[in-house]
Amino acid sequence: MSQQNATSNHESRITNPGFKDIVLAFSGGLDTSFCVPYLKERGWNVHTVFADTGGVDAEERAFIEQRAAELGVASHVTVDGGPAIWAGFVKPFVWAGEGYQSQYPLLVSDRYLIVEAALKRCAELGTKAIAHGCTGMGNDQVRFDLAVKALGDYEIVAPIREIQKEHTEVRAYEQKYLEDRGFGVRAKQKAYTINENLLGVTMSGGEIDRWQTPGEGARGWCKPRAEWPADTLRVKIGFVNGEAVTLDGQKIEGHTMLAKLNGLFAQYGVGRGLYTGDTTIGLKGRIIFEAPGLTALLTAHRALEEAVLSKQQNRFKPEVARKWVELVYEGFFHDPLKTDLEAFLQSSQSTVNGEVTLETQGGIVNAVAIESRHILNAKGATYAQAADWGVAEAEGFIKLFGMSSTLWAEVNRKG
C-alpha cells in the first residue's frame, strides 16, 4: 500500500510532555470523529490515517482531511489503497466466487488493509499504540483487533467500546459529545451507519435495524428503478488465470476497472441487496449493501468457470470458497489456513482464460456470451441436440449409473 503526500495540519510530531502518540484509523464519520477529542482529552497525541480504499471522490477526500484538521489532530495522512485492495482481496474473492452465507460480498474487507496502513504510520512515528472507531456491537472490532494482533505487539485503544460500558445509546452519545464541543455532525450520519469503499456501500441503523422497510435515504450508488437508463448496457470483461485484466478489449488496472464497473452498473441498480446475516459476535446483522462492480465481476467469472472447469472442480471448489469467505468475514485474514486455501483457488484458475460479455437492462446482470479456447466442448456431441454414441451405449450407461438405486427398489419393492 503506497503512501501519498496528504494534506495535513501538522506533519511533524507534537512533542508535548506527558502525551503519547497514537495512530487512529480515520474515515471522517461519526465514530472516528468522536474518537479524536475523546482520545485527546485522555492525554493522547492523535495522528489520523485515512486509507482511501475507493468509494470516495476528490470532494469527500478533501472533506476527510479538513475534518481531521478541524478536530485538531497532530497529523493526518491519506494513503492510496486501491491497488492493495484489488491484489489483497478482490482477486482471491473473485476466484472464490462465493458471498458470505451465499449473499454478502464482504464489502468491509478493506479493514485489513486499513490496519496495515495504520501500522505503517505507527512505525514512522515510533509508537506501538493504535486506535479504531469500531463499536462493541459489531464485527469490525474483531477484524481490526485480530489483524493488529497478527501483525505485531501493539496497544489497542477502542473508544467506542469504552463508552458502551456506560451509555447504551452510543450513537446519540457520540453526536452530543461532538456537538457540545462545537463539532457538527452530518445529517445522514445521524440516521445511518454508512461504510463506503471501492468494493461497495453498506448501510445499517435506523429503520433497517428495526426490521422495517428501508427509507428513501437508505440508498448509496444504485439508482432506483425509475432512473434506470432505457438502453441496454453491455460490457466485455477479459480474464487471464481468473483475474480480470481487460474491459471492452482495453487492458486496465484491476482497481480502476472495478471503479468503472461500479459507475456503469450502479446506474442500472445492479448489486443492491437487503441482507440478514449471522455475525461473528453472535447477533443478527441486517444491512443494505450495494456492490455493482463486484456483482458484475462475480457473474462474469462464474460463467467462464462453469464453461472451462471440470465437473469435479465445479462441484468441489465452492466448499473451499465458503471456508475462505468465513475466515475473511470473521477476522482470520492472516490465518495460515486462508493462505492454504488461496493456493488451491489459484491452482484452479489456470484455464480460466477468455472473455465474457455481460448484459443488463436493470436490476440483474447476465453473462450472455463466453469466448475461450478452454471451453469443454465435445467434438461430436451437444447436450440435448446431437450425440456421437449409440442407443446401446446410452442404455448401458443408465443401467450402470443407476444400479444401486435400482437394486434397492427391486429388493424392497412391496407386492
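About the criteria used
- Residues numbered from 1 in each chain as written.
- Predicted model: local features only at pLDDT ≥ 70, side-chain atom pairs only at ≥ 80, totals over all residues.
- Heavy atoms only, no water.
- Phe/Tyr/Trp six-rings, centres within 6.5 Å; stacked < 30°, edge-to-face > 60°.
- Helix = DSSP H or I, 4+ residues; strand = E, 2+ residues; numbered from the N terminus.
- Buried < 20%, exposed > 50% of the residue type's maximum accessible area, 1.4 Å probe, protein only.
- Lys NZ or Arg CZ within 6 Å of the ring centre and 35° of its normal.
- Expected span 1.5 Å × (residues − 1).
- Contact = heavy atoms within 4.5 Å.
- Polar contact = N/O pair within 3.5 Å; in protein donor to acceptor, adjacent residues only side chain to side chain.
- Pairing = 2+ DSSP bridges.
- Axes fitted to C-alpha atoms, helices over the stretch in contact; angles between N-to-C directions.
- Nonpolar A, V, L, I, M, F, W, Y, C, P; charged D, E, K, R; others polar.
- Arc of directions from axis to C-beta.

K.L.:
Got a minute to help me understand the packing of aromatic side chains in this structure?
P.N.:
For any pair of aromatic rings, the description consists of the separation of the ring centres together with the inter-plane angle of the planes. Taken as a whole and judged by the stated rule, the model has 15 aromatic pairs. With a centroid separation of 6.2 Å and an interplanar angle of 25°, the aromatic rings of F89 and W324 are classed as stacked. Highlighted residues: F89 in helix 3 (residues 82-96) and W324 in helix 12 (residues 311-329), separated in sequence by 235 residues. Taken individually, F89 and W324 each receive the classification buried, so the pair is uniform in this respect. Through pairs of rings, three or more aromatic residues link up here, namely Y100, Y104, Y275, F289 and Y329. One Lys or Arg, R181, reaches over the ring of Y177 and ends 3.5 Å from the middle of that ring. One cation-aromatic arrangement involves K338 over F333; the distance from NZ or CZ to the ring centre is 3.9 Å.

K.L.:
What am I meant to see in helix 13 (residues 336-347) here?
P.N.:
Each α-helix turn comprises 3.6 residues. Residues three or four places apart therefore point the same way. In a regular helix each residue adds 1.5 Å, so 12 residues correspond to 16 Å; helix 13 covers 17 Å between its end C-alpha atoms and thus fits that length. Residues of helix 13 that are buried in the fold lie against helix 3 and helix 12. You can read the cap of helix 13 off the contacts: a side-chain oxygen lies 2.9 Å from the backbone nitrogen of L337, and it is on D335.

K.L.:
How should I be thinking about the sheet that holds strand 12 (residues 272-278) in this particular structure?
P.N.:
Strands pair in a sheet through their backbones, by hydrogen bonds, and they do so in one of two ways: parallel or antiparallel. Sheet architecture is open: 4 strands sit in the order 7-8-13-12, paired in antiparallel fashion. One side of each edge strand has no neighbouring strand; the edge strands of this open sheet are strand 7 (193-197) and strand 12. The sheet shows a mean angle of 25° between the axes of neighbouring strands, direction not considered.

K.L.:
Can you walk me through the pairing of strand 14 (residues 354-362) in this structure?
P.N.:
Consecutive residues of a regular strand have side chains that alternate between opposite faces of the sheet. Bridge count for strand 9 (residues 233-240) against strand 14 is 7 bridges, and the pairing is antiparallel. Bridging across to strand 14, I237 finds its partner in V356. In the sheet, strand 14 pairs with strand 15 (residues 364-371) via 6 bridges, with the strands oriented antiparallel. Pairing of E359 across the sheet is with N366, part of strand 15. Linking two consecutive strands that pair antiparallel, namely strand 14 and strand 15, is a turn of 1 residue; a positive phi of about 90° is found at G363 within it.

K.L.:
Just checking my understanding: could you explain the packing of helix 3 against helix 12 for this structure?
P.N.:
The description of two packed helices rests on the angle between their axes and on the distance between the axes. Following both chains from N to C, one finds helix 3 and helix 12 inclined at 145°, their axes separated by 9 Å at the closest point. Here F89, P92, F93, W95 and A96 of helix 3 come into contact with helix 12, specifically with K317, A321, W324, V325 and V328. Class assignment for the residues of the contact of helix 3 with helix 12 results in 9 nonpolar, no polar and 1 charged.

K.L.:
What am I meant to see in helix 2 (residues 58-71) here?
P.N.:
Here helix 2 is 14 residues long and its end C-alpha atoms lie 20 Å apart, about the 20 Å a rise of 1.5 Å per residue gives. Buried within helix 2 are the following residues: I64, E65, R67, A68 and L71. Viewed along the axis of helix 2, the buried residues span an arc of 155°, placing them on a single side of the element. Facing away from the buried side of helix 2, by more than 90 degrees, are the exposed residues A58, E59 and Q66. Buried positions along helix 2 lie against helix 1 (30-40), strand 3 (44-52), strand 4 (75-80) and helix 7 (170-180).

K.L.:
I would appreciate a short explanation of the environment of N45 in the present structure.
P.N.:
Relative to the assigned elements, N45 resides in strand 3. Distance in space between the C-alpha atoms of N45 and V73 is 7.6 Å, their sequence separation being 28 residues. Looking at N45, its side chain comes within polar contact range of the side chain of D21, at 2.6 Å.

K.L.:
Got a minute to help me understand the sheet that holds strand 10 (residues 243-247) in this structure?
P.N.:
Read across the open sheet, the 5 strands follow the order 11-10-9-14-15; overall the sheet is antiparallel. The outermost strands of the open sheet, each flanked by one partner alone, are strand 11 (250-251) and strand 15. Sheet topology note: the strand 9/strand 10 ladder contains 4 bridges and is antiparallel. Pairing of I237 across the sheet is with L247, part of strand 10. Those strands touched by helix 10 (residues 254-266) are strand 9, strand 10, strand 14 and strand 15, and its axis lies near 160° from that of strand 9. Across the sheet, helix 11 (residues 292-308) touches strand 9, strand 10, strand 14 and strand 15, and the angle it forms with strand 15 is around 40°.

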